[in-house]
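Reading the structure
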Amino acid sequence: MSLTEKQRSVIHDTWKSMQQSRKAWNDLLISLFAKHTEYQKLFKGFANVPLDQLRDNKRLTTQMAAVVAVISACIECLHDENALIDMLKGLALRHYHRNVTIQMFENMGVVFISWLVDTLGSQTMDEEAIAAWGLFYTTFVSIIKRYYEEFDNKNANNI
Ligand code: HEM
């Protein structure tokens, strides 16, 4: 990953604030579903819960704790791309089997950055921080994409 030391430290610091902003965690998926209604159907635990009732939904809270834990683990690996690649294999596989597409991951990136800006404010999430997170997220998705291609090839060879 071509993040500079400064970018890594910006990501570390901003993410620390996000980890402490538990109340805002559920907003990520709520914003994603508001923009891409059909994505909510993939989440069996709360597929049919109206958006305005999702904020305090326990299953969504559990889901978002898992998402935050994965991002936290990724951030611990920022200095070591191989560790990041190894870590994301399981995540890629589980999403691949749930018909989550790369396009969905990419669309989540836009919502993800807005979620950081809305939660932390534009003074913390300034241009530099947005650029660092953009690069982080692009790398994250590119690793998942490589695994998806590998899984596609394996499936094609099994036919
Ligand atoms: C930042 C990107 C994402 C992260 C870190 C993430 C993380 C996770 C984690 C940790 C789990 C639970 C454990 C597991 O199965 O691995 C999970 C489950 C799931 N994720 Fe993601 N995810 C991301 C993006 C997405 C996107 C874009 C979608 C689709 C729109 C999606 C759909 C799902 C679904 C359907 C489940 C299963 C939920 C259930 O238990 O019913 N994820 N995700």
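Residues numbered from 1 in each chain as written. Predicted model: local features only at pLDDT ≥ 70, side-chain atom pairs only at ≥ 80, totals over all residues.

This part takes up the confidence of the model for the chain. The share of residues in the chain with pLDDT of 70 or more is 99%, and the mean pLDDT across the chain is 96. The spread of mean pLDDT over the elements of the chain runs between helix H6 (residues 127-158), the lowest at 95, and helix H5 (residues 102-120), the highest at 98. (pLDDT = per-residue confidence, 0-100. Helix = DSSP H or I, 4+ residues; strand = E, 2+ residues; numbered from the N terminus.)

Right, let's talk about the environment of Leu-3 for a bit. Along the chain, Leu-3 falls in the segment before helix H1 (5-19). Leu-3 gets classed as partly exposed once you count the C-beta atoms within 10 Å, which come to 17. Residues Leu-3 and Arg-55, spaced 52 residues apart in sequence, show a C-alpha to C-alpha distance of 34 Å. (Buried ≥ 20, exposed ≤ 12 C-beta atoms within 10 Å, placed from the backbone.)

For the rest of this paragraph, the subject is the site of the ligand. The environment of the ligand is made up of 17 residues, and the closest members are Tyr-39, Leu-42, Ala-66, Arg-94 and Met-108. Looking at the shell around the ligand, the elements with two or more residues in it are helix H3 (58-76), helix H4 (81-96) and H5. In terms of residue count, H3 provides more of the shell around the ligand than any other element does, 4 residues in total. Residue composition of the shell around the ligand, grouped by class: 12 nonpolar, 2 polar and 3 charged. (Near = placed C-beta within 6 Å. Nonpolar A, V, L, I, M, F, W, Y, C, P; charged D, E, K, R; others polar.)

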